[in-house]
Structures are given as structure tokens and as C-alpha cells.
Amino acid sequence: MQITLDVNGESRTADVDEDTPLLWVLRETFGLTGTKFGCGVAACGACTVHIGGTAVRSCSVPASAMQGQKITTIEGLAPKEQPHPLQAAWVTHQVPQCGYCQSGMIMAAAALLARNPHPSDADISAEVTNICRCGTYERVRRAIHAAAQGPTEGGAP
Amino acid sequence: MNKWTRRTFIATGSLVGGGLALGVAGIAFAPNRLRVTPDSRDGTPQLTTWVKVGTDNTVSVIVPHCEMGTGVHTALAMMCAEELEADWNLVRIEEAPGTDDYSNGYLVRTFVPAVATVPKSMERGIDFWTYKLTQMMDLQVTGGSSAVRGTGHLGMRVAGAAAKAMLIEAAAQQWNVPAAECSAKLSRVTHSGSGKSATYGELATQAALLKPPVHPTLKSRDDYTIVGKPTPRIDIPSKVNGSATYGVDVTLPEMVYATIAASPVHGAKLVSVDTAPAEALPGVKKVVKLDNAVAVVADGYWRALKGVRALAPKFEDTGKGADTSDTIYSAIGAAIEREKGDKVFSSGKGGDALQGAANVIEAEYRVPFLAHATMEPMNATARIADGRCEVWTGVQDPLAARATAAKASGLKPEQVTIHNQQLGGGFGRRLPGVMDFVDQAVRIAKETSPAPVKLIWSREEDIQHDFYRPAVVGRYRATLADSGAPTAWVAKFNIKDDAALLPYAIANQDIRAVAAPTHVRTGAWRSVAHTQHGFFTESFVDELAHAAGKDPLQYRRDLLAHAPRHLAVLDKAAAMADWSTPAPAGRARGIALVESFGSIVAEVAEVEVVEGRVKVHRVCAAVDCGDVVNPDTATAQVEGGIIYGLSAALFNEVTIAEGRVAQTNFHDLPMPKLADAPSISVEFIRSGAALGGLGEPGVPPIAPAIANAVFALTGKRARTLPVRV
């Protein structure tokens, strides 16, 4: 079926099966490969995008049901020349290792901060449930706190 | 002290358009057989490895290792830039392409066919080649190697020092002054008397005409300005905005997609499959039958997946369909019971020391199969056209991938090109010998030729067709003297590896291994045999300490009088964790010490039981890896190792039922998440000893540290993993 999606502020069309997950339309049809495939069952969070500002695991929602919604991927989170505070904090705190899960991790954190600008440790633990096999968790937590405190905070790792 | 005296070959050449290219390699082959070869990518003549100084004053360090998150590109470039006195801001890093001309392994294989045997435990991809290279240089490598201590220490530093010497010499000739009066700093050579100075870029072309020094002088560690300072990794910016490209992200014109289902019972061949149900689906282009698998090719991954799910392939009955984890453990136990086993180590009276002993302490430990579960599922994109095969994938050894692709395609290795991408995790899953995904992609590409095909495994396929950490059973017996110190240590298990050797002074030892193969595919899992043996050894030592009524820290200390580095690491971890003061109410601490890959690591875990589950609050790790190149990256590697080890200690296991892996995805193979991550402190002891590895040594101590803490807290000894309370 022909669908129209609003992705990163652009209207884009795709011809897909009704049940094709949003993830594969983003990656294969639109070439937005920053959103990663990790498990296909919404268990790992590597494919996290924003739908209307809420973090959603795109491997498990049909693209066809997302028409009319505002979809944001890691590529659209912030302009390259003006990174999102989380992206800046991620560099400052040298968070990624292999980096594969980090798009999803940042998108989950960004949705959290948008709703809760100063999350507690418990808030972060409850809301950022993505899997990272390299074990970057403590740095993720540190970077979220740093981003929540503003761009002047954080300092060298 | 810092004079480079190893037998090393340094070769130089000029770059097209000017500039200096310099390579270093072992000297077990004749220097004149190392050639300047054209770079297939940009036509720049360039040597096999390591550094280019361009007329634009940039320094390009060519790193013959893949980046999988360990920061190896940055660390190796730092080592080169340090000796070169390069301005770090002008340093660029390139990964060497997976072609012969850039590979250490190629040099070894081509010029030194005699260097063909290495210990089994060493056959670990890039480290394998580094090992061979270091072996050629007459160095003793006693553990698994690593990029930093092999390539970096032996190659990068020498390359940088040699290039610096040549640039200084070029300046001295140009100014007609003694080279000794010239110095280099921040990519610039200066003459002290005249104040004349020139950038490396200005000197590079002339430097390229000079003879390289035979024994370039290396810097003293006290003079380091780059190595040892936390340096931001070059790969990180692209990993926060989605622009980093992994194997799974590769997109080619006319590309089609495939996914696959291999025999659930490992080793069984495909007997038959009715392809019609898949072929009837929209977008499906082809069903490809492989030796032990069936793949569906479609115009997208989702349609390929639906195609595979529509099939009911029949696989042969190999007689393994009734195997379970229990039958496998029983078979291992029976082998341990029945067989004398191969000697790993013995000393003193060996096992005879147990004869007639009044108190023999015994324990049996067990660890399950474990999956790597890299976040990026296995994938490879292959194109066969015009008599060539090209593969885009992320692997830990591109040359091994090339050999795999050559075999699968029926082409010669020189007709195969590997475009290595960043790895979404390796941990041993993307090493030589386990590149089944490359083999499959190439075989499918034969059917889609000339169109390229991207094969992506589902997570279910990844978890069910890993090369697992082997399941191991270990039986341990010991006797104690009246003082409580062990006088005999007798061990038998089913994984032969020096990882079972003890750091502790025990007079009588008998350590043996039996073979108990299963049909389940096994391979190297981050830190290899040290994860099993670290758990066994450090749990049993802890049991002996408690049997002797001693503090587990002091008990270990008493057995390490001969090993000052181990002692220092142990003491440091204990001090970091406030071992001498009681843990907070409801918590307890456990300690463990494991040496692996040339590094000594002690970890203290502080645990609590919360709602019937072990919660690790805090981990303190002390590490002696000799010295540290990039401290923040080094810390990250130990942090990551602890979390990786935590997954095995508390969270998941792979079990076998009906001959196949029972787990399918992260719901039944749970992983630690942010909420489960302890606070981790890492400190390094810069002992100045030979550099040890860092990618793996953080892993082994965590499981025993946790198990020992759980015993201290509950009085219950966890002898199997994952620990349950």
C-alpha cells in the first residue's frame, strides 16, 4: 500500500505492506540508517524514534499506522551544526563504545528530558531501558544528568 | 633503555605529490622483499603499514585493526603521534583496507611460512596476527595479545620515532646544521641556534629520500605529552548523530535483501523444503537452499523475513535431537569421572598430596553456554559480478573474511575485496572461523548475481546460531595445612587452557582437562577461557578461605608473597572498596583476582538481595596493565568488561532443549540494563610492566566477586551461573 509519512519534518511516501514495521521503511526506503535494528520485538530499544515526541520502538509499529504522526529519527533530532544537548554530553562524556545502540539510547533519553527536564536516577532507570552490550550504562546516566544541567556543565570525563 | 633494538625493518617511500610514507614490519623476512605498493583507493604509493606525512602537514596513521568500540584507532594513533612529536590536531586515522598489502598477516604468511603454529587459544583474529608479528620479533607473548601492546608498542611507536628522525635529518641537511641541534615538537622541526623552523609538511618530501634509521630512539615515558592523557576518541562524534556506518547500513544500487533459517540443531543438513509458500508472497524473489539452511531473497528485509517464516524446512536427524543441557552436563561429568585428563599443570606431589589427607574440601562448579548477542545482528552484503566478489561487512579480521568469501564464491582470494565496516559489537563473534554469515551471503549472492544482496540475520537466528562460550564443568579438591593455607589443589574440567593456572603459591598441584565435545557450536567469548576459570578458581579459593576461617582478602594476600604486582592490585581494589570497614547494612562484599591477557585485575563487588534477586550496587576494579595509553578509553573498557561479565554472572544463560538452543530473543535471554548497572570505579596501577590487554581482562573477576559477595551475605555458595538466590 502507498503511505505518506512525516519524517524529520519532510513528507515522504513509500509503497509497503500494511504490516511493514516503521523501522524498515526508515532504513530501507528512506535510507535513514541511524535508526538501528537490534531485536525486532521491541526488547532492546536500538530502533527508538520519536512519534509525536514520545519514544517508540520502531521495529514493532507498522509504518502504515504512523501516517499523520510527526516522526523524528536520530538524523532529525538536531541540526548537525547545533547538536542536541544530549549529543554534546555524549561526546563530552565519551559514552559510545561500538555505538550501535546509541542512536536509540539518545532518542529514549531525549524523549525523557523533553517530558522531565531534570530526571532523577530512578527516572532514568525507569525510562531508559535500552540494551547496550558494551556496557556504557553509567556514562549514559552521567551524560543525561549533564545534559539536564545545561551545556556549561559536565566537564571532562 | 629507549633505543629500539629489536630486529625491525623500516621502509620508506615517497607519496605522489610529495610527502613521506613509512612502514615498519618484523625482520624475519628480507627488507628488499617489502615493496612500496600502489594504494588501490587513491593511487597514492604507500607502504604496508602505519604512517604518512603529507605536504599539507597532516599525519595519517594507517591502523591495521578494526574499530569495534575499544578505541583502538585512537590509541594506536596516539602512540605513533607521541613518538613522531606530531600535533595531535593534525593527525588523521585510516583503517587499513583488507587487502594483502596492508596486512601484518599477509607479511607473515607470505614471507615466513614457517611461522604457522600458535597455541589454540591465540587464534583470535587481529590478535592472532599481532601475535605472529610479535613472535617474529622474538618477543615472548604469554597471553592473548592486543592491538595496543602488539601493533602499538612494536609498530606504531617505532614508525613514529623513525619518521621523526628522518624529518629532523631532512631539516638538518636543508639548513646545513647538525641534526643533534634540531628538535621536533608539534609537527615542526626547529634549530636551536638559528631559530630556523619548518613544518613536517615542508620537510616530508625531502625526508622521504633519506635512509630510515636502523634503531630509532624511543621517548621516555616521562616526556610523553599525548600518551597517558585522556584523549577524545575520533569515532565518537559519528556515533551520536546516526552517521556512523556499520555493516548492516551498507546500501548498494540494485541491492536485494535476504534473511535465513539454519538448522535449529547444529550440524544438521537441509533435507528438503517446499519453497512455494515463500515464493507466493509479494516481494519475494527467490528461495535459496544452502547446505544447512534456507534463505529467502526479497525486495526488503521484512518481506524476506515473512518468506522465511512461511517455510517449514526439513533438516536431517543427526541423533542429537534429544540432547538437553542436563544430558550435556552429565556427559561432561562422566568424562571428568572416567578420564585421567591431559595435564595442564602439576607441581610437587600433584594429586598424591590428597592421599590420606584428613580434610579434603571439594566443590563442583558449572557454567552454561553463552551467546555473544552483539547489538548488531550478523549481516553481510555481497556482490558477485564481472569475475569478482565484493563483501561489505564488519568483522574482526577482514583477511579471514576474504578467505571465507573466496571459498564460498569459488574465486581466488585476489578476486575478492572486503570492505570492512564498523562493528556493532564483536566480543569474539566476528572472528576468523566463525564467519558463517559471510559464507552465506556470498553463496546467496551467487544466486542473485549480478545484483548485490544484503543478508541480515534475525535476532532469533543470532541467538540460536552463535558460536557459544563453551559450557564447562570443573571439579576442585584441596587440602589445608593447620594454618589454613592450601597444601594441595587438584582440578579437572573440560576446557583445556592455561587460564586455569593459579597465581597463588600452593606446593602441590594437579590441574587436568578432559575433552567432552558436544554438537553445540562454540567459540571465543570476550576473555575466552578466563571467564570460566576465573569463576572456578576464585570461587574455590574463596571457599578455602572460609573453610580456614580467614578473611578472603587476607587469605589471598598470604598466598601472593611471591607476586608483588598481584598483591598491589588486590590491595588497591580492597582499599577502593573500603574492604576493612563493614559493608552498609544488608549488603556484603566479595573479591576476586584474575590475570588475563597480560593484565592483572582485582574487583570487589558490593551486593544486596532485593526482592529475591542479587543487586550489585558497586564495583571497584584495580588494574595493572603495565601502562595506559588513553586513560578514559581504558576505563571504559574495564567498565564495559564488568557489565559484559555481569550479564553472565546474573542475567542469562543459553540452554539446550531438544538438541537446539532454547532461547530466542532478549525476552528469554535477558541482559542487564541501565537500572541494573552498578556504580563502577576503575583505577590503574602504572607498574611499567609489559603492556597488557584491556578489552577483555575486566570481564573474568566480576562473576566470582559477585558469587563470593553473595556467600558473604547469605551463607549460600553459588557454584553455577547465573547466580540465583
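Since this is a predicted model, take the numbers as computed values, not measurements. (Residues numbered from 1 in each chain as written. Chains lettered and ligands numbered in written order. Predicted model: local features only at pLDDT ≥ 70, side-chain atom pairs only at ≥ 80, totals over all residues.)

## Some details on the overall build of chain B
In plain terms, the rule: In this description a helix means any DSSP run of H or I spanning at least four residues, a strand means any run of E spanning at least two, and both kinds are numbered starting from the N terminus. Exposure is read from a count of other C-beta atoms within 10 Å of each residue's own; the residue is exposed at 12 or fewer, buried at 20 or more and partly exposed in between. C-beta atoms are placed from the backbone. Think of it this way: build a C-beta for each residue from its backbone, and any pair within 7 Å is a contact.
Secondary structure assignment for chain B yields 16 helices and 30 strands. For chain B, the residues scored as buried account for 57% of the 725 residues in total. Considering only residue pairs separated by 6 or more positions, chain B has 75% of its internal contacts joining residues 24 or more positions apart.

## Brief notes about the overall build of chain A
How we decide: Atoms considered for the radius of gyration are the C-alpha atoms alone. The globule rule reads 2.2 Å times the number of residues to the power 0.38.
The number of helices and strands found in chain A is five helices and five strands. Relative to the 2.2 N^0.38 estimate, which gives 15 Å for 157 residues, the radius of gyration of chain A is 15 Å and therefore close to what a compact globule would have. When each of the 157 residues of chain A is scored for burial, the buried share is 58%. A separation threshold of at least 6 residues defines the contact pool for chain A, and within that pool the share at least 24 residues apart is 62%.

## Side note on the sheet that holds strand β24 (residues 508–513) of chain B
Residues and elements named next belong to chain B. Applied cut-off: Following DSSP output, two strands are said to pair if at least two bridges run between them. Working convention: axes come from line fits to C-alpha atoms, limited for helices to the stretch in contact. Angles between N-to-C directions cover 0 to 180 degrees.
The strand order β16-β24-β23-β22-β17 describes an open sheet built from five strands, whose pairing is mixed. Only two strands of the sheet have a single neighbouring strand rather than two, namely β16 (342–347) and β17 (360–367). Between one strand axis and the next, the sheet turns by 10° as a mean value, whatever way the strands run. Here helix α8 (residues 325–338) sits on the sheet in contact with β17, β22 (472–480) and β23 (486–493), set at roughly 40° to β22.

## Description of the sheet that holds strand β19 (residues 388–393) of chain B
All names here are of chain B. Taken together, seven strands build an open sheet; the order of strands is β13-β14-β11-β21-β18-β19-β20 and the sheet is mixed. In the strand order of this sheet, the two ends are held by β13 (284–289) and β20 (416–420), each with one partner. Going from strand to strand, the sheet's axes swing by 20° on average, the running direction of each strand aside. Bridging between β19 and β20 involves five bridges; their strand directions are parallel. Of the residues in β20, the one forming a bridge with E390 is T417. In the packing of helix α10 (residues 436–448) onto the sheet, contacts are made with β11 (256–262), β13, β14 (293–298), β18 (379–385), β19 and β21 (453–456), and the angle to β18 comes to roughly 35°.

## Focus: the interface of chain A and chain B
With 49 residues of chain A in contact, the opposing surface of chain B contributes 49 residues. For the side of chain A that touches chain B, the secondary-structure elements that each account for two or more residues are α1 (22–29), α2 (85–92), α3 (102–115), α4 (121–127) and α5 (137–148) of chain A. By residue number, the principal contributor to the side of chain A that touches chain B is α5 of chain A, which donates four residues.

## A short note on the packing of α2 of chain A against α5 of chain A
Residues and elements named next belong to chain A. Cut-off, in case you're wondering: Note that the term roughly parallel is reserved for angles under 35 degrees, roughly antiparallel for angles over 145, roughly perpendicular for angles of 65 to 115, and oblique for everything else. Crossing chirality is assigned from the near helix's rotation relative to the far helix, an anticlockwise turn below a right angle marking it left-handed and a clockwise turn marking it right-handed.
For the pair α2 and α5, interaxial distance at closest approach is 8 Å and the crossing angle is 130°. On the basis of the axis angle, α2 is oblique to α5. α5 is crossed by α2, and the crossing has right-handed handedness. Each of P85, L86, A89, W90 and T92 in α2 lies in contact with α5, whose residues at this interface are A143, I144, A146 and A147.

## What to know about the pairing of β23 of chain B
All names here are of chain B. When you tally the buried positions in β23, you get seven out of eight residues, the bulk of the element. Turn length for the β22-β23 hairpin, with the two strands adjacent in sequence and antiparallel, is five residues, and the turn residue G484 shows positive phi of about 100°. Sheet topology note: the β23/β24 ladder contains six bridges and is parallel. Following the sheet pairing, F493 is matched in β24 by A513.

## Quick word on helix α1 (residues 72–84) of chain B
Keep this limit in mind: What a helix should span is 1.5 Å times the count of its residues minus one.
With 13 residues, α1 of chain B should reach 18 Å at 1.5 Å per residue; the first-to-last C-alpha distance of 18 Å fits that figure. By the criterion of burial, α1 of chain B is predominantly enclosed, with 13 of the 13 residues buried.

## Some remarks on the nonpolar core
All names here are of chain B. Heads up, the condition is: Residues enter a nonpolar core if they are buried, belong to Ala, Val, Leu, Ile, Met, Phe, Trp, Tyr or Cys, and are joined to the set through C-beta atoms within 7 Å.
Core analysis: the largest hydrophobic core is formed by 264 residues, its most contacted members being L167, V391, A441, A573, A621 and I706. It is helix α4 (residues 148–175) that provides the largest number of residues to this core, a total of twelve residues. If we ignore the near neighbours within four places in the chain, the residues touching L167 are A184, V189, Y200, L203 and A207.

## What to know about the domain arrangement of chain A
All names here are of chain A. Selection rule: Domain delimitation follows an automatic or database domain assignment. Under the scheme applied here, ten amino acids are nonpolar (Ala, Val, Leu, Ile, Met, Phe, Trp, Tyr, Cys and Pro), four are charged (Asp, Glu, Lys and Arg), and all others, including Gly, are polar.
If you check the domain split of chain A, you get domain 1 (2–76) and domain 2 (85–148). Facing the 15 residues of domain 1 at the interface are twelve residues of domain 2. Elements with a minimum of two residues in the side of domain 1 that touches domain 2: β3 (48–51) and β4 (54–57). By residue number, the principal contributor to the side of domain 1 that touches domain 2 is β3, which donates three residues. Classifying every residue of the side of domain 1 that touches domain 2 gives six nonpolar, eight polar and one charged.

## Digging into the confidence of the model for chain A
The criterion, for reference: Across the chain, each position has a pLDDT score giving the predictor's confidence in that residue, from 0 to 100.
On average, residues of chain A carry a pLDDT of 95, and 96% of them reach 70 or more. Here residues 152–157 of chain A is a poorly scored stretch, pLDDT under 50, and it has eleven contacts once near neighbours within four places are set aside; other chains count.

## Topic: the environment of V214 of chain B
Structurally, V214 of chain B is set in the loop between α5 (200–207) and β11. Expressed as a C-alpha distance, the spacing of V214 of chain B and G69 of chain B, which sit 145 residues apart in the sequence, is 35 Å.

## Considerations on unusual backbone geometry
A cis geometry characterises the amide bond from S449 of chain B onward to P450 of chain B, with omega recorded as 5°. When you line up the elements, P450 of chain B lands in the loop between α10 and β21. Of note, the bond from L721 of chain B into P722 of chain B is cis; its omega dihedral lies within 30 degrees of zero at -5°. Residue position: P722 of chain B is located in the segment after α16 (702–714). The residue Q94 of chain A is not glycine, and still its phi comes out positive at about 50°. Mapped onto the elements, Q94 of chain A comes out in the loop between α2 and α3. Even without glycine at this site, D386 of chain B takes up a positive phi of about 55°.

## Focus on the confidence of the model for chain B
All names here are of chain B. Residue-level pLDDT values for chain B average 87, and 86% of them are 70 or greater. Counting contacts from residues 26–48, a segment whose pLDDT is below 50, to residues more than four positions away or on other chains yields 52 contacts. For this predicted complex, the interface confidence reaches an ipTM of 0.96, while the overall pTM sits at 0.89.

## Topic: the packing of helix α15 (residues 631–651) of chain B against α16 of chain B
Residue and element names in this part refer to chain B. For the pair α15 and α16, the least separation of the axes is 8 Å and the interaxial angle reads 50°. As the angle between them shows, α15 and α16 are arranged oblique. Here α15 and α16 pass one another in a crossing that is right-handed. Contacts between α15 and α16 involve I642, G645, L646, A648, A649 and L650 from the former and I702, A703 and I706 from the latter.

## Some remarks on helix α9 (residues 398–409) of chain B
Helical geometry: 3.6 residues make up each α-helical turn, so side chains three or four residues apart lie on a common side. All names here are of chain B. With twelve residues, α9 extends 16 Å between its outermost C-alpha atoms, agreeing within 8% with the 16 Å of an ideal straight helix rising 1.5 Å per residue. Of all the twelve residues making up α9, nine are buried; the element is thus mostly covered by neighbouring parts of the structure. The set of residues buried in α9 consists of P398, L399, A400, A401, R402, T404, A405, A408 and S409. Backbone geometry just after α9 places G410 at a positive phi near 80°.

## Quick notes on the pairing of strand β1 (residues 2–7) of chain A
All names here are of chain A. In terms of strand pairing, β1 meets strand β2 (residues 10–15) through six bridges, oriented antiparallel. Bridging from a neighbouring strand, Q2 pairs with D15 of β2. In sequence, β1 turns back onto β2 through a hairpin of two residues, with N8 there showing a positive phi of about 50°. Two strands pair when backbone bridges link them, and β1 and strand β5 (residues 70–72) are joined in this way by two bridges, in the parallel orientation. Bridge pairing in β5 places V7 opposite I71.

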